[in-house]
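An overview of the molecular structure
Below, each chain spelled out in residue letters.
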Amino acid sequence: MTTLYWHDWSGYIGVLLVLLAFLLLQAHRLHGNGLTYQLLNAFGALGVLLSLVFGSFNTSAFVMEAAWLLISVYGIVRGTRLRREKRDIS
């Protein structure tokens with residue numbers, strides 16, 4: 001029997017969050033520039049990053065997840081700024 005550690009669970013949950021975000025996007029339940037979509041991606045990437053740092057490290061997966069997280073954070077910041085500007089105009 002394989003022992004699962006907290007970082008293993010972090011990785012599994014992270015993968016599920018990213019896949020859930022993509023599924024909901026494809027099902028037209030979320031918008032690609034929406035906050036929920038971006039948060040699911042950011043927390044998903046963070047979970048996978050934790051599993052890589054504290055578990056079995058893989059450089060290419062780490063680079064991809066770090067980029068995924070940074071792009072998600074960019075989307076969150078940009079979306080928040082655009083929503084604030086739109087609210088201020090109204």
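Below is a summary of the structure that appears in this document. Note that the structure is predicted; figures quoted are calculated from it, not measured.

Turning next to the overall build of the chain. When you go through the chain residue by residue, the secondary structure sums to three helices and zero strands. From first element to last, N terminus to C terminus, the chain shows the α and β order α-α-α. Computed over C-alpha atoms, the radius of gyration of the chain comes to 15 Å, more than 25% over the 12 Å expected from 2.2 N^0.38 for 90 residues, which places it beyond the range of a compact globule. Its C-alpha atoms give the chain principal-axis dimensions of about 60 × 25 × 20 Å. Residue burial in the chain is summarised as follows: out of 90 residues, 28% are buried. Contacts spanning at least 24 positions in sequence make up 54% of the contacts within the chain whose residues lie at least 6 apart. For the chain, the accessible surface area stands at approximately 6700 Å², while carbon and sulfur atoms represent 68% of it. In the chain, 7 side chains carry a positive charge and 4 a negative one; their mean positions are 12 Å apart.

Running from N to C, helix α2 (residues 35–54) and helix α3 (residues 59–89) point in directions that differ by 155°, and their axes come no closer than 8 Å. The orientation of α2 with respect to α3, classified from their angle, is roughly antiparallel. Like other packed secondary-structure pairs, α2 and α3 cross with a definite hand, here left-handed. Along its contact with α2, which presents Leu-35, Gln-38, Leu-39, Asn-41, Ala-42, Ala-45, Leu-46, Val-48, Leu-49, Leu-52 and Val-53, the element α3 presents Ala-61, Phe-62, Glu-65, Ala-66, Trp-68, Leu-69, Ile-71, Ser-72, Gly-75, Ile-76 and Arg-83. Classifying every residue of the contact of α2 with α3 by side-chain character gives 16 nonpolar, four polar and two charged.

A positive phi angle, close to 60°, is found at His-28, a residue other than glycine. Relative to the elements of secondary structure, His-28 occurs in the loop between α1 (6–26) and α2. Taking relative accessible area as the criterion, His-28 reaches 74% and is therefore assigned exposed.

Rules used in this analysis
- Residues numbered from 1 in each chain as written.
- Predicted model: local features only at pLDDT ≥ 70, side-chain atom pairs only at ≥ 80, totals over all residues.
- Heavy atoms only, no water.
- Helix = DSSP H or I, 4+ residues; strand = E, 2+ residues; numbered from the N terminus.
- Rg over C-alpha atoms; globule rule 2.2 N^0.38 Å.
- Buried < 20%, exposed > 50% of the residue type's maximum accessible area, 1.4 Å probe, protein only.
- Contact = heavy atoms within 4.5 Å.
- Areas by Shrake-Rupley, 256 points an atom, 1.4 Å probe, with all protein chains shown as cover.
- Lys, Arg positive; Asp, Glu negative; His and termini not counted.
- Charge placed at Lys NZ, Arg CZ, Asp CG, Glu CD.
- Axes fitted to C-alpha atoms, helices over the stretch in contact; angles between N-to-C directions.
- Parallel < 35°, antiparallel > 145°, perpendicular 65-115°, else oblique.
- Left-handed = near helix turned anticlockwise from the far one by under 90°.
- Nonpolar A, V, L, I, M, F, W, Y, C, P; charged D, E, K, R; others polar.

Any functional reading would require information beyond the geometric quantities listed.
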